[in-house]
Structure formats: C-alpha cells, structure tokens
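# Examining the three-dimensional arrangement
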Amino acid sequence: MTDPNGLIGPGRPAPDFALPATPDGRRTGPGDYRGRPVVLAFYPADWSPVCGDQMALYQAAMPEFERYGAAVLGISVDSIWSHRAFAESQGIRFPLLADFEPKGAVARAYGAYAPSGEADRALVVLDQKGTVAWSHVSPPDVNPGADGILDALERLCSNREVMAG
Amino acid sequence: MTTPLQVTARLRTPVTGADHVRGADDAPVTVVEYGDFQCQYCGAAYPNLHELLRQREGTVRLVYRHFPIANVHPYAESAAEAAEAAGARGKFWEMHDWLFEHQDQLDPVHLSLGVEQLGMPPDEIGAEVERQAHADRVRRDFVGGIRSGVNGTPTLFLNDVRHDGGYSLADLLAAVDAAAET
C-alpha cells in the first residue's frame, strides 16, 4: 500500500470532501462523522450486477456496522439521480455519494480511480479522527463482502478500549 | 497500482448441534449453504443440491443457514423465521423444501397455506413470525455468514472453504468429489 499511485494506505490522513448525497443538493463527507469510524465503499457503477449485491449487502449488514458506531458512505461516479433510483430499487438507506463533477475527483484523491473512468471497487475504513485504518481493493467483478470491514472496525474499537483503559 | 488481493474466505462459525443438517452425520464432506428463500439463484441451486445429496449419499451432508437480504427481498425474513418455526416442530426441511418450491408464493396468505399443507398450525406459526419469535436465530446465522465472507446468496462452504465455482449439478459433484479426496 506504499505505491503513491495505488489505493491510500493505513496511517495516512484521509482527504476530506463533501459530495452531493441527495437530489436537493445536500452534500456530505467523512468530516460530518468525525468521532465515529467511517466506511468509504467506492464502487464502479450503479446497476452493474455485482455492485447491486455489494451495496444491498451493506444495507442488510447495517446493524453490524452500527454496533461499532460506524457510518457507511457508498461512492461512485454516477449522478445523484441514478443513485436515487438505484437506492430505491435495492432498499438502500445509507448515503450514496455522486463523485460526478469534477468526475472521479474524490476517487482520484484516494487512489481509487480506474482508467476505465469508473471508481475501483475499493474499501477504506477511517478511524474516529479521520486517519485511514484499513483499505482494500478488489477486482471489479468481485464483491468483497463485509468481513474485512468488520474486522477493521473491531480492531479500531478494541484499540480504543485499550487506550481508554 | 495496488495488486488486488484475493483471499479465499473460510467458514468462521463451526457447524454445531443447533444447525439444520440433512445427510449422514459422519459424511466426510459438509456443505454449508447460506441462503435466502426469496433469492432466485438459491432457488435455482436447490434442486441441484437435492440431487447432489442423493447421488453422493453418505459422502456429503448439507447444512442450511439463513442469509436474508431483506431490503431486496421483502418476504425473505418472514420465510426464514417460518422455517425456524417449523424447525421448532421438527419440520425444518419440509418447510425449507416447500419455500424453495414455491418462491412466488411467500406472501403471508400463501405461506400459511403451505404451513397447513405440511400439517402444522398456520395461526400459531403466523403469530410466531408476526412477533419475530425466531428473529434472533435468523440474525445469528446472518452475522456468522457476514463474518465468514458471505457476499451474496447462495454462498456455499465445502469443509469450511468457500466454494467460488458454479452451482450446476456437475460443478457441485466435482467440488464435492475433490473435497472428499483431500
């Protein structure tokens, strides 16, 4: 994870950003969730079959993410309108952010932008202070599941208990 | 570029007496299925798993665990809880089979007809599903699956290793035969 062209690695401060989250123009980003772990789930596109499964899975797994107080943000280069229709079709209630204009700027800042013009299928877990705690990139056609995220959140929360104690 | 890292997921929650098991206890190959009764791919795999158990009787046993994706499949959770309610009456597999054979009839009205067909009290089971009496059990299965790397349904583990191949009968027979030899 030390390659400057690759996905951002653990220990690095996460670039802050605010992207459109709803058609009425509301923006959000990791800075809105400081004090909580944040899961950034970059994915290539709404509607491609694997992503549908991945984001739908994260909605189904939301109670587990919430046990660690974590916020989950999905990010692709699709527009807010595509995101809205996609979220409705999959029953997704967590924010899907539009990295649409300038296209892929946030994905690029995280080293998660593919030459095809889409985001990589990349997961980045930020700690409560906005530092990268864990990151992982999968092949575009492989749904990485949630186990890596939950392992990272578990480590973050156990470290915290140790520090508090 | 960071090289995509592929790690084969392993089952982290061992098979116990609380699991629903079909097939010989001492079978050398255990297939653990994480499934969703409203998932069409699970429905497509169901007859193949059935035939697999028949053709490899004594070699393979099947464990079924719940993995309902309720935000996409509105009847998946109630179907899973109904199967547990049937399980509490010793009829888990009968209900499991009925559900996969009637995937377009999982709404409450048709489900209660199915329960009745299987000789169970529809009102009692309906009430248990209504008050989510078996929700914890279903959730436990789901969480164990999530932690084991289940990323969709169906996901199968053969002797604790995730099966990333297909679900046709030929694929399943080949995978089970390979697992039986190791």
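To keep things clear, this report deals only with the structure shown in the data block. (Residues numbered from 1 in each chain as written. Chains lettered and ligands numbered in written order. Predicted model: local features only at pLDDT ≥ 70, side-chain atom pairs only at ≥ 80, totals over all residues. Heavy atoms only, no water.)

## What to know about the pairing of strand E3 (residues 38–42) of chain A
All names here are of chain A. In terms of residue burial, E3 counts as a mostly covered element, since five of its five residues are buried. On E3, burial covers both faces: Val 38, Leu 40 and Phe 42 on one face and Val 39 and Ala 41 on the other are all buried. Across five bridges, E3 lies against strand E6 (residues 121–126) in antiparallel orientation. Bridge pairing links Ala 41 to Leu 123 in E6. (Buried < 20%, exposed > 50% of the residue type's maximum accessible area, 1.4 Å probe, protein only. Helix = DSSP H or I, 4+ residues; strand = E, 2+ residues; numbered from the N terminus. Pairing = 2+ DSSP bridges.)

## Some remarks on the interface of chain B and chain A
With 19 residues of chain B at the contact, the number on the chain A side is 27 residues. When chain B packs against chain A, the two sides together hide about 1900 Å² of surface, and 55% of this comes from carbon and sulfur. Here chain B is connected to chain A by four salt bridges. Between Asp 151 of chain A and Arg 12 of chain B there is a salt bridge; the shortest N-O distance is 2.8 Å. The tally of links between chain B and chain A comes to eight residue pairs in polar contact (both at pLDDT 80 or more). Along the lines of polarity and charge, the residues of the side of chain B that touches chain A split into 10 nonpolar, six polar and three charged. (Contact = heavy atoms within 4.5 Å. Buried area = accessible area lost by both parts, 1.4 Å probe. Salt bridge = Lys/Arg side-chain N within 4 Å of Asp/Glu carboxyl O. Polar contact = N/O pair within 3.5 Å; in protein donor to acceptor, adjacent residues only side chain to side chain. Nonpolar A, V, L, I, M, F, W, Y, C, P; charged D, E, K, R; others polar.)

## So, the packing of aromatic side chains
Counted by the stated rule, this structure contains 14 aromatic pairs over all chains. Considering the side-chain rings of Tyr 58 of chain A and Phe 65 of chain A, the 5.8 Å spacing of their centres and the 85 degrees angle between planes classify their relative orientation as edge-to-face. Across the pair, Phe 65 of chain A and Tyr 58 of chain A agree in class, each one buried. Measuring from centroid to centroid gives 6.2 Å for Tyr 34 of chain B and Phe 67 of chain B, while their planes differ by 85 degrees, and the two rings are edge-to-face. Taken together, the positions of Tyr 34 of chain B in strand E2 (residues 29–35) and Phe 67 of chain B in the loop between strand E3 (60–66) and helix H2 (76–87) put the pair 33 residues apart, joining distant regions of the chain. Like Phe 67 of chain B, Tyr 34 of chain B is buried. (Phe/Tyr/Trp six-rings, centres within 6.5 Å; stacked < 30°, edge-to-face > 60°.)

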